[in-house]
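What follows is the residue order along each chain.
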Amino acid sequence: MLEDIIDKNLSIIFCGINPGLKSAWDGHHFSGKSNRFWKVLHLVGFTSYQISAVHDKDLLQFRYGLTTAVARPTVRADEVSKEEFEQSFKIFQEKMEIYQPRYIAFLGKAAYAIFSGKKQIVWGKQPEKMQNATVWVLPNPSGLNRGFSIEELTIHYKSLYHESIQ
């Protein structure tokens, strides 16, 4: 199982859908070679250097954390069932209550759709809060999500970055 990178009072907790098999095997978040998470964080300005997956805990130095909506690793995120998301929601809520981030950034719409009960979700800042945190929904940086170029990902992530530093 992939461990959370988390601490109390972080600025942002990024919430992936679930670990990929490679990340779970390696024990490091976003370790797949095609995943663009670390690159996008650096390009946008969240980090002053591009963190490598093996140094994923460095993210805490910047007051950011990582968790997943569902703990079970899969090859593809669409292998996670609605029931798995629903069963994970209480655990997720408790975690956010304990750690109290300022922002929760869901990477992809799937988890937030089930967690919120909303059918239609737009990218970006959401109107409702979750456990007192402002919620954002950002495109998933997975290499399998080729619907978003690196440039498009940076545009979406940059909106959160600019709000979070105010």
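This one's a predicted model, so the numbers in the text were calculated from it and none came from an experiment. (Residues numbered from 1 in each chain as written. Predicted model: local features only at pLDDT ≥ 70, side-chain atom pairs only at ≥ 80, totals over all residues. Heavy atoms only, no water.)

1. What about helix 5 (residues 150-164)?
Stage number 1. The terminal C-alpha atoms of helix 5, which comprises 15 residues, lie 21 Å apart, in line with the 21 Å expected from a rise of 1.5 Å per residue.
Stage number 2. If you check which residues of helix 5 are buried, you get I150, L153, T154, Y157, L160, Y161, E163 and S164.
Stage number 3. Those residues of helix 5 that are buried are in contact with strand 1 (12-16), helix 2 (37-44), strand 2 (64-68), strand 3 (103-107), strand 4 (124-130) and strand 5 (133-138). (Helix = DSSP H or I, 4+ residues; strand = E, 2+ residues; numbered from the N terminus. Expected span 1.5 Å × (residues − 1). Buried < 20%, exposed > 50% of the residue type's maximum accessible area, 1.4 Å probe, protein only. Contact = heavy atoms within 4.5 Å.)

2. A short note on the pattern of salt bridges
Oppositely charged side chains can pair when the atoms bearing their charge come close.
Stage number 1. According to the stated counting rule, one finds 5 salt bridges in the structure shown.
Stage number 2. Salt-bridge contacts for K22 lead to D26; the nearest nitrogen and oxygen are separated by 2.6 Å. Of the two residues, K22 and D26 are both situated in helix 1 (residues 21-26); the distance of 4 residues between them amounts to about one turn of the helix. (Salt bridge = Lys/Arg side-chain N within 4 Å of Asp/Glu carboxyl O.)

3. Section: the environment of N18
Stage number 1. Its place among the elements puts N18 in the loop between strand 1 and helix 1.
Stage number 2. C-alpha of N18 to C-alpha of S88: the two residues are 70 residues apart in sequence and 11 Å apart in space.

4. Brief notes about the confidence of the model for the protein chain
Stage number 1. Per-residue confidence for the protein chain averages 91 on the pLDDT scale, and 99% of its residues sit at or above 70.
Stage number 2. Looking at the elements of the protein chain, mean pLDDT is at its lowest for helix 1, recorded as 85, and at its highest for strand 5, recorded as 98. (pLDDT = per-residue confidence, 0-100.)

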